[in-house]
Amino acid sequence: MKKRLCGAAAVLGVLVTAGAPPAQASSPATRPHQPARHALPLGPADLTETRTTTTLQPGVTLTRIVRGGDETAAPAPHWTVEVSIPGGATSPDPDAPPTTLKDRASAEELTAELKSKGFQARAEQVRTERTADYAGGTLGWRVRVGTFDSQSAATAERTRLRAAGHTGSAVHTGWDGDADARGPWHVDVLTIDPRQFRGRLDASYGPDLEQREPTSQLSRTAGATAAVNAGFFVLDPKAGAPGDPAGVGVYDGRLLSEPVAGRPALVTHDNGRRTEVTRLTWRGRVDAGAASLPLNGINRVPGLIRNCGGSAGDTPTSRPLHDVTCTNPDELVTFTSEYGAATPSGEGLEAVLDAHGRVVELRSPRGGALPTGGSSVQATGRRVADLTAAAHLGDRLRVSTTLLDERGHRIRPTAKTDILNAGPELVRDGRLHVTPATDGMVHPDDPSWYYGWVHKRNPRTLAGVDAAGRTVLVTADGRSTASLGLSIAESAEVAQSLGLRDAVNLDGGGSTTMVTGGTVINAPSDAAGERPVGDALLILPRRRTTDTPLHPLPPHPRTAPPATPAPQRRSATHPGSRRVRERAPRPVPTHPSPARPRRTARHPDPGRPGRR
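Model, not experiment: these values are computed from the prediction.

**With respect to the overall build of the protein**
Summing up its helical and strand segments, the protein has six helices and 38 strands in all. The buried share of the protein, reckoned over its 612 residues, is 59%. Split by element, the accessible area of the protein, about 22700 Å² in all, is 53% carbon and sulfur.

Structure follows, in structure tokens:
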């Protein structure tokens, strides 16, 4: 079992500001660890902001920021009921299902109907900001009922609406994204300074790709000093294998999940240096003698492409489309031993390979366990004939995968490199650069999705690098009156204000989690508590021969103490690698991946910053 850094965390300083950019705390020890010199660009300029900075281990600091919360000034946020708008006689599509946003005529038609039934209804125009690749402007019109001081009162009105034949949800207007909101906001910032950092920055997906684990469990298993949730992943079994990355996944230099074509990714290295945000594509092939077959995917359920961005022939698109599962009945997908206990079952053909790439079994229907150190290739639909012709018992198949950068050049990650899927971009070269259209967050004919996921405030997890080369990991709590959350535009502004040169959005919503000393310190928004996720980014201490446990920081006052830690489990990110040599060795893949570096169901809550 890995040991933890000795000694307690040290609080360096508390900074309080009101109405002006904060000065640095007086202690010289605080200055290298302050991630920014300016107050967060959230709400009016006169809001109070406090920052507490703590050293977790050499080269790693945690800054906890609380901004605003003064609701005495008008206009105070309130609760209301947002009503689903059906397609009606005035709608461009009268048969369309009810949605949050519609055209003005449909919204006004519903408003008039509700007023006739005695409800205090109103139609409101929703406008959104312009981004680097999206014009913004009017998203649509929403219908709301009533103004309430409490959630319970709004919920009671929603019940009355349902009895009258209407659907909707109780919402807090502080989540709308209006600039005059006064908070509060709770933002936590981990900063890794490579000049002092002697630990390891590492990604972990747990025992296998197809299962989900809480960030705190992944952190405790690895003995991490701190951790945050990372990339998007499959949540709904109808969209693939729950826990499977919904985009690129490179762990210890091995490409275990293919990119969503051209979407951004966070590239990290063990030593905390050269962190970057880059856009990736890939190619893969199966070669058998003179035959060469193109691959469609790596370690995912054939036919299901979460977040889309796959191959020609995918439906409805081969371009990125976030929180949508594209389909293709004719696919060739390779599997490694990291996928799980058994490969996906179903119609088609599977060529099972031993550790030397030799075909030891042809099974139809497909699905089952892999031999030790083995792998497989699965074919569905019209690709079955291709694999049948190429794969014969006793023959060798060579499976190769290659990552490509934006210019189409080959990338060769080392065993000390991890790459995590992300999107959209937030900051590039120090300037705001928000890319929802490029990265599939603009859904044609569905402005309600953009409204819930991009425009409105939600919990967010952000990552990037500043001009000094420091890696910065940020979580912002949301979906609460105790912390409003961030819109995507606000996320970019916060990242820029923290001094990030390049920044990207990671998975958020109910997945947003920060852990220190094995304890969750933020307030995850899911009603059930901390959400199991696909992977996490871990900050590990320098290995020592005699370490004592790190004293964890107290949890956030809105966070319940974690349950008793689960028994230690082998982390598939580390076993047998140079990182955890005391653990059992990981089987060697049957097909060397020349380039060493996907997936989740449409999330049930529209604000969840997403998966494949």
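So that's the structure; there's more coming.
**Structural notes on the sheet that holds strand E26 (residues 375–379)**
Pairing between the strands of a sheet is mediated by backbone hydrogen bonds and can be parallel or antiparallel. Here we have five strands laid out as an open sheet, ordered E18-E21-E26-E23-E24, and mixed in their pairing. Looking at which strands have only one partner, the edges of the open sheet turn out to be strand E18 (297–298) and strand E24 (359–363). As defined by bridge partners, E18 adjoins strand E21 (residues 332–335) across two bridges and the pair is classed as parallel. What sits directly across from Ile 298, in E21, is Thr 334. Against the sheet, helix H4 (residues 383–390) engages E21, strand E23 (349–353) and E26, with an angle of about 135° to E26.

**Examining helix H3 (residues 215–222)**
A large share of H3 lies buried, amounting to eight of its eight residues. If you check which residues of H3 are buried, you get Thr 215, Ser 216, Gln 217, Leu 218, Ser 219, Arg 220, Thr 221 and Ala 222. Phi for Gly 223, located one or two positions after H3, is positive at around 70°.

**A closer look at the sheet that holds strand E14 (residues 264–269)**
In spatial order, the strands read E13-E12-E29-E14-E15; together these five strands make up an open sheet with antiparallel pairing. Looking at strand neighbours, the two that pair on one side only are strand E13 (254–257) and strand E15 (276–279), the edges of this open sheet. Direction aside, neighbouring strands of the sheet carry axes that sit 30° apart on average.

**A word on the packing of aromatic side chains**
When we look at a pair of aromatic rings, we describe it by the centre distance and by the angle of the planes. Scanning the entire structure with this criterion turns up six aromatic pairs. Through successive ring pairs, a cluster of aromatic residues spans Phe 232, Trp 449 and Trp 453.

**Here we look at the pairing of strand E3 (residues 60–67)**
Of all eight residues making up E3, seven are buried, and the element is well covered by its neighbours. Between strand E2 (residues 48–57) and the antiparallel strand that follows it, E3, lie two residues; Gly 59 among them carries a positive phi value of about 85°. The pairing of E3 with strand E8 (residues 185–192) spans eight bridges and is antiparallel. Looking at E8, one finds that Arg 64 is bridged to Asp 188.

**A look at the environment of Thr 402**
As for its position among the elements, Thr 402 is in strand E27 (residues 398–404). In this structure Thr 402 comes out as buried when scored by relative accessible area, which is 8%. In this structure the C-alpha to C-alpha distance between Thr 402 and Arg 412, which are ten residues apart in sequence, comes to 8.1 Å.

**What to know about the nonpolar core**
Counting residues in each nonpolar core, the largest one holds 52 residues, and the members touching the most others are Val 83, Leu 114 and Val 145. If we skip the residues at most four places from it in the chain, Val 145 touches Thr 80, Val 81, Val 83, Leu 114, Phe 119, Gln 120, Ala 121, Arg 122, Glu 157 and Leu 161. With 27 residues, the next largest nonpolar core counts Val 60, Leu 62, Leu 190 and Phe 197 among its residues.

**What about the environment of Asp 208?**
Residue placement: Asp 208 occurs in the loop between strand E9 (200–204) and strand E10 (213–214). We classify Asp 208 as buried; its relative accessible area is 15%. Each C-alpha atom, one on Asp 208 and one on Gly 243, is 8.8 Å from the other, the two residues being 35 residues apart in sequence. A polar contact is formed between the side chain of Asp 208 and the backbone nitrogen of Glu 210, at a distance of 3.4 Å.

**Observations regarding the pattern of salt bridges**
Should their charged atoms come close, side chains of opposite charge can pair. Tallied over the full model, the rule gives 30 salt bridges. Ionic pairing is found between Glu 49 and Arg 67, a salt bridge with its closest N-O pair at 3.2 Å. Placement of the pair is Glu 49 in strand E2 and Arg 67 in strand E3, with a sequence separation of 18 residues. The pair formed by Glu 49 and Arg 67 is uniform in burial state, with each residue classed as buried. We note a salt bridge from Glu 350 to Arg 363, for which the minimum N-O separation is 2.9 Å. One end of the pair, Glu 350, is in strand E23; the other, Arg 363, is in strand E24, and 13 residues separate them in sequence. You'll find Glu 350 and Arg 363 in the same group, each marked buried.

**Points about a positive patch on the surface**
A cluster of basic residues, Arg 283, Arg 398, Arg 410 and Arg 412, forms a positive patch on the protein surface. Locating Arg 410 in the fold gives a position in strand E28 (residues 410–411).

**With respect to unusual backbone geometry**
A negative phi holds for most residues other than glycine; trans holds for most peptide bonds. Pro 184 follows Gly 183 through a cis peptide bond whose omega is 10°. Tracing the backbone shows Pro 184 in the loop between strand E7 (168–172) and E8. Even without a glycine there, the phi angle at Asn 307 is positive, about 70°. With respect to the secondary-structure elements, Asn 307 resides in strand E19 (residues 304–308). Judged by relative accessible area, Asn 307 falls into the buried class, the value being 0%.

**What about the environment of Asp 323?**
Inspection of the secondary structure puts Asp 323 in strand E20 (residues 320–327). C-alpha of Asp 323 to C-alpha of Ala 246: the two residues are 77 residues apart in sequence and 9.2 Å apart in space.

**So, the confidence of the model for the protein**
Looking at the protein, pLDDT values average 85 and 80% of them are 70 or higher. Predicted confidence for residues 1–11 stays below pLDDT 50, and this span has 47 contacts to residues more than four positions away or in other chains. A low-confidence stretch, residues 545–554 stays under pLDDT 50, and its non-local contacts, those more than four residues away or across chains, total 31 contacts.

**A word on the side chain of Arg 142**
In this structure, Arg 142 sits in strand E6 (residues 137–148). A distance of 2.7 Å separates a polar atom in the side chain of Arg 142 from a polar atom in the side chain of Glu 124. One polar contact links Arg 142 to Tyr 451, side chain to side chain, over a distance of 3.0 Å. In contact with Arg 142, other than residues within four places in its own chain, are Glu 82, Ile 85, Thr 100, Leu 101, Arg 122, Ala 123, Glu 124, Val 126, Asp 176 and Tyr 451.

Basis of the calculations
Residues numbered from 1 in each chain as written. Predicted model: local features only at pLDDT ≥ 70, side-chain atom pairs only at ≥ 80, totals over all residues. Heavy atoms only, no water. Helix = DSSP H or I, 4+ residues; strand = E, 2+ residues; numbered from the N terminus. Buried < 20%, exposed > 50% of the residue type's maximum accessible area, 1.4 Å probe, protein only. Areas by Shrake-Rupley, 256 points an atom, 1.4 Å probe, with all protein chains shown as cover. Pairing = 2+ DSSP bridges. Contact = heavy atoms within 4.5 Å. Axes fitted to C-alpha atoms, helices over the stretch in contact; angles between N-to-C directions. Phe/Tyr/Trp six-rings, centres within 6.5 Å; stacked < 30°, edge-to-face > 60°. Core = buried A, V, L, I, M, F, W, Y, C linked by side-chain atoms within 4.5 Å. Polar contact = N/O pair within 3.5 Å; in protein donor to acceptor, adjacent residues only side chain to side chain. Salt bridge = Lys/Arg side-chain N within 4 Å of Asp/Glu carboxyl O. Patch = residues over 30% accessible without salt bridge, like charges linked within 9 Å, V, L, I, M, F, W, Y side chains within 5 Å. Lys, Arg positive; Asp, Glu negative; His and termini not counted. Charge placed at Lys NZ, Arg CZ, Asp CG, Glu CD. pLDDT = per-residue confidence, 0-100.

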